[in-house]
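Residue-level listing of the chains:
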Amino acid sequence: MNISDFIDQHLDPIVEEWVAFARTRLPPTHDFTREELADHARVLLEAIARDLRDTQGARARHEKSQGNQPDNAPEITRIAREHAAQRFDQGFSFDHLVSEFRALRASVIRRWTRQVGQIRAAELEELTRFGEAMDQALAESASLYSQKVDDSRNLLLGVLGHDLRTPLGVVHMSAQYLLRADTLTGSQTKAVARILTSSERMRGMVKDILDFTQTAFGVALPINPAPADLGTITASIVGEVATLHPDSKIELTCEGALTGRWDAARVGQMLANLIANAVQHGAAGQPVEVKASGDDDAVTVQVYNHGTPIPPEVQQNLFSPLRQAPTTEAGRRAGSSGLGLGLYITKEIAVAHGGSVEVHSEEEGTAFVVRLPRTPPLAADRRARNVIPGDRAPTTAT
């Protein structure tokens, strides 16, 4: 008996075994009915059985086995994604979702081989196709579930960043008010100054969270290009960072023509991220070197700090948000959230201007190099040229 006929004839006991297995994966606080747990098992198996009955040539088999037919069996894809969405809403974990497909595959194969006994060549081919169909269902379910997890995390970060702005603004304004008062002692003034400095850092982190949430949902960072001087922008940011880090030395060098059309506020945010990052991770007592230079087509800013080099494996995810190497609170540098949002936003700002940002890290130190064309290209052009393999394509906001 082939697998497709076997599935049709033994659908009920297979589904019951699926339900029993699903109950072992229930979140402790949840109690679902049989229908809720059976979910899409029946329709998924029926769709797989129909797919197995379709004639498949040698070339189609090869392409499918290599994963080169992503639109194969759209019904299986639809059901698998619906199942993932329901399991996500029901509170099942990603591991539990994957284990369901593993158990369903094992249940069908175990029951079928027990009945047919010795497997012939034709049946072995159908067994391979059954495995491919299950792999497709698992891949589609895992993809949608992961996307929902990412979207939920991003939404949480967005809400958190939005709601933090008001109480943080109160702290910042109160610290400014106290510093203007004449009643503070020397030690009190220092304490309030530290509060103001910390609140400034937190405001930067909150802004990074809000910017990250925007880009994570597929919306490119908006920019408003206008005539600007990168030397002036860089000098202003160097002064601001030096004020926040009075014990650090920042050296600025400007060469060549540094004028162009950029969003000064966004470029300032990008440079503030890079310079503050260099101050936080640079060797104590060594200066941070900032150099702005221009050529015929673009301007370049290099931010260099002495200190421990960045390992190659860390550099791979340096501009990816929430993928930084885990660190303990004690090992984290002051002012760092540990989320990797600052460098991610830096890259997004450079990309929004049609530019790029690179890192070069050696034994002597680390340099971040930003290159911006003097005039940003159109939004669609700059996103197309800077898309990174594996990134989700940006969507149009509505």
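See the structure shown above.
It should be emphasised that the depicted structure is a prediction, and the values quoted were computed from it without experimental measurement.

**Digging into helix α10 (residues 230-244)**
Here α10 spans 21 Å end to end across 15 residues, near enough to the 21 Å set by a 1.5 Å rise per residue. Where α10 is concerned, the buried positions are L230, G231, I233, T234, I237, V238 and V241. Angularly, the buried residues of α10 cover 155° about the axis, an arc narrow enough to put them on a single face. Away from its buried face, by an angle of more than 90 degrees, α10 presents the exposed residues T232 and T243.

**So, the pairing of strand β4 (residues 288-294)**
Side-chain positions along a regular strand alternate between the two faces of the sheet. Here strand β2 (residues 250-255) pairs with β4 via 6 bridges, running parallel. Pairing of L252 across the sheet is with V290, part of β4. Where β4 lies against strand β5 (residues 298-306), 7 bridges are found, and the strand directions are antiparallel. Looking across to β5, one finds that V290 is bridged to V303. Two successive antiparallel strands, β4 and β5, enclose a turn made up of 3 residues.

**Focus: helix α13 (residues 341-352)**
The first and last C-alpha atoms of α13 sit 16 Å apart over 12 residues, in line with the 16 Å expected at 1.5 Å per residue. Buried residues dominate α13, accounting for 11 of its 12 residues. For α13, the set of buried residues is L341, L343, Y344, I345, T346, K347, E348, I349, A350, V351 and A352. Once α13 ends, the next one or two residues include G354, with phi positive near 80°.

**A word on the side chain of S141**
Tracing the sequence through the fold places S141 in helix α8 (residues 121-180). Residue contacts for S141: discarding those within four places in its chain leaves A80, R81, H83, A84, L97 and F101.

**Observations concerning the packing of aromatic side chains**
A full pass over the atoms with the stated rule returns 4 aromatic pairs. Both rings, one in F94 and one in Y145, keep their centres 5.7 Å apart while their planes meet at 55°; by these two values the pair is tilted. Here Y145 lies in helix α8 and F94 lies in helix α7 (residues 94-116), a separation of 51 residues in the sequence. Taking relative accessible area as the criterion, Y145 reaches 7% and is therefore assigned buried. With centroids separated by 6.2 Å and ring planes inclined at 85°, the aromatic side chains of F319 and F368 adopt a geometry described as edge-to-face. Here F319 is found in the loop between α12 (312-315) and α13, whereas its partner F368 is found in strand β7 (residues 365-373), with 49 residues between them in sequence. Residue classification places F368 among the buried residues on the basis of a relative accessible area of 2%. Between the NZ or CZ atom of R87 and the centre of the ring of F92, over which it lies, the distance is 4.6 Å.

**Focus: the pattern of salt bridges**
A complete count under the given rule lists 14 salt bridges for this structure. The closest approach of N and O atoms between R110 and E17, which form a salt bridge, is 2.4 Å. Of this pair, R110 sits in helix α7 while E17 sits in helix α2 (residues 11-24), and the two are 93 residues apart along the sequence. For R110, a relative accessible area of 37% corresponds to the partly exposed category. Two residues, E255 and K291, come together in a salt bridge whose shortest N-O distance is 3.7 Å.

Calculation notes
Residues numbered from 1 in each chain as written. Predicted model: local features only at pLDDT ≥ 70, side-chain atom pairs only at ≥ 80, totals over all residues. Heavy atoms only, no water. Helix = DSSP H or I, 4+ residues; strand = E, 2+ residues; numbered from the N terminus. Expected span 1.5 Å × (residues − 1). Buried < 20%, exposed > 50% of the residue type's maximum accessible area, 1.4 Å probe, protein only. Arc of directions from axis to C-beta. Pairing = 2+ DSSP bridges. Contact = heavy atoms within 4.5 Å. Phe/Tyr/Trp six-rings, centres within 6.5 Å; stacked < 30°, edge-to-face > 60°. Lys NZ or Arg CZ within 6 Å of the ring centre and 35° of its normal. Salt bridge = Lys/Arg side-chain N within 4 Å of Asp/Glu carboxyl O.

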